[in-house]
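Take a look at the letters that make up each chain.
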Amino acid sequence: MSQSYTRTAIALHWVIALGMLIAIALGFYMTNLSLSPFKLKLFSWHKWLGVTIFLLASLRLVWRLTHPAPALPDTMDNWEKQIAHAVHVALYVLMFSIPLSGWLMSSAAGFPVVFLGLIPLPDLLAKNKELAAMLKQVHFLLNMSLLALVGLHVGAALKHHFVLKDNVMAQMLPWLGRGKSK
Amino acid sequence: MKIWQQSLLACSLIGVSLSTQAVTFNKVLLEQSQLSFVSKQMNVPVEGKFKEFSAKLNFDPAKVEAASAELNIVLSSIDAGSNEANDEVKSKGWFNVQAFPTAKFVAKSVKSLGSDRFEVAGEMSIKGKTNPVTAPFTLKITGKTGVLEGSFPLKRLQFNIGEGAWSDTDTVADEVQIRFKLVVSE
Ligand code: HEM
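Cut-offs used in this document
Residues numbered from 1 in each chain as written. Chains lettered and ligands numbered in written order. Predicted model: local features only at pLDDT ≥ 70, side-chain atom pairs only at ≥ 80, totals over all residues. Heavy atoms only, no water. Helix = DSSP H or I, 4+ residues; strand = E, 2+ residues; numbered from the N terminus. Buried < 20%, exposed > 50% of the residue type's maximum accessible area, 1.4 Å probe, protein only. Contact = heavy atoms within 4.5 Å. Salt bridge = Lys/Arg side-chain N within 4 Å of Asp/Glu carboxyl O. Core = buried A, V, L, I, M, F, W, Y, C linked by side-chain atoms within 4.5 Å. Near = heavy atom within 4 Å. Polar contact = N/O pair within 3.5 Å; in protein donor to acceptor, adjacent residues only side chain to side chain.

Engineer: Lay out the overall build of chain A in plain terms, naming residues and giving numbers.
Structural biologist: Check the secondary structure of chain A and you find four helices and two strands. Reported as C-alpha extents along the three principal axes, the dimensions of chain A are approximately 55 × 25 × 25 Å. A burial count over chain A gives 39% of its 182 residues as buried. Put simply, 61% of the contacts in chain A that link residues at least 6 apart link residues at least 24 apart.

Here it is in structure tokens:
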């Protein structure tokens, strides 16, 4: 096991985290607007951002599988390590399933996705309004799960840093200066 | 002339006379006919259709000069792809269906482009504005019915369809592709 994350892993972690945060804010904001050209623009930007996150998540998964993460400290109980690991796996699943459900919903609603307004993605489903409504619920619920898990994930990281005072959070934030010291 | 050449000539003459046999299509089978369109929103092709329209037609493919056609489209029957869009496009800035409930197309001339291909030129009236449009179409005949199918680009802003903020063509393109499929019979 390596001592810290690679720079690539750290960059992907933060870029995807920021991207998902913006996608969530955009998602909630845009759905409450009444129809306007601005709303159509936001919907497209949301989809493009989501597809970008999907691509980055693919890269990240490949990177993760080829570059092992640093081991969790031995001060942690086994069950704590297992929960941390399970949350990480679930977060990976959501990085893929959220954009995928969005793409499926868009297809089912009869709106093909044209990435960046340039690259038409294939329609995964034929137009079907009931299915689109159901997938909208799925997209929403997956996002709710994401928010809950991110809460847990961030809470745990902060506990490591401020309560346990180990280097777990600093491994993802090397400029905190506790990266390799412990 | 050799015998085989003669028979070939005879065959082709029969063929010509068969294909030019007078069929005048003057009924439109609305149940089987379709009027749809594809608009581009943020470069995304979105399909829609008009569920209700009526059509008058008199078309003999061998005598295109005498052709006449008129199409009346009930604008409130629009399906623009989503409920939200349906409400929007009926409003004042779009079709203003309260004040202008129907759109009308009147054919002015039809010309033959060879074999089963034709082109119609006519006038489109929407929302109080009339503009010329031309559309190529094909006519496929089986027995006594024919399928007349074509498409043409319509510039929505020529008819003030989508005013104000919606006149921004970066979001909704000016050109809307109109597709028609009319099943016609004698
Ligand atoms: C990581 C990526 C993504 C995140 C975090 C995300 C998040 C969200 C959130 C929080 C909402 C609001 C949910 C609601 O109020 O119902 C939303 C709505 C939406 N998302 Fe995403 N999304 C992502 C990717 C995508 C992708 C890739 C697409 C399509 C290609 C997409 C299409 C949509 C659509 C169409 C809506 C609006 C649903 C509606 O009101 O009809 N999303 N998204």
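Engineer: With reference to specific residues and values, describe the overall build of chain B.
Structural biologist: When you go through chain B residue by residue, the secondary structure sums to two helices and 11 strands. Looking at chain B as a whole, 39% of its 186 residues are labelled buried. Looking at chain B alone, contacts between residues at least 24 apart form 57% of all its contacts between residues at least 6 apart.

Engineer: Before we move on, could you go through the pattern of salt bridges and cite the residues and values that matter?
Structural biologist: Evaluated as defined, the whole model comprises eight salt bridges over all chains. Asp74(A) is paired through a salt bridge with Lys81(A); the nearest N and O atoms lie 3.4 Å apart. Among the salt bridges present, the one from Glu70(B) reaches Lys104(B), with a minimum N-O distance of 3.9 Å. Of this pair, Glu70(B) sits in strand 5 (residues 68–74) while Lys104(B) sits in strand 7 (residues 102–112), and the two are 34 residues apart along the sequence. By relative accessible area, Glu70(B) is classed as partly exposed at 22%.

Engineer: So what about the nonpolar core? Which residues, and what values?
Structural biologist: Ranked by internal contacts, the top residues of the largest apolar core, which has 47 residues, are Phe59(B), Phe95(B) and Ile126(B). In terms of residues, this core owes the most to one element, strand 11 (residues 175–185) of chain B, which gives five residues. Residue contacts for Ile126(B): discarding those within four places in its chain leaves Leu75(B), Phe95(B), Ala103(B), Leu154(B), Phe159(B) and Ile161(B). Ile24(A), Leu91(A), Met95(A) and Leu146(A) belong to the second largest nonpolar core, which has 16 residues in total.

Engineer: I'd like a rundown of the site of the ligand, residues and numbers included.
Structural biologist: Residues and elements named next belong to chain A. For the ligand, the set of nearby residues contains 23 residues, the closest of which are Thr-31, His-46, Lys-136, His-139 and Asn-143. Interatomic distance of 2.8 Å between a side-chain N/O atom of His-46 and a nitrogen atom of the ligand. A distance of 3.0 Å separates an oxygen atom of the ligand from a polar side-chain atom of Lys-136. Elements with a minimum of two residues in the shell around the ligand: helix 1 (7–31), helix 2 (37–66), helix 3 (78–108) and helix 4 (129–163).

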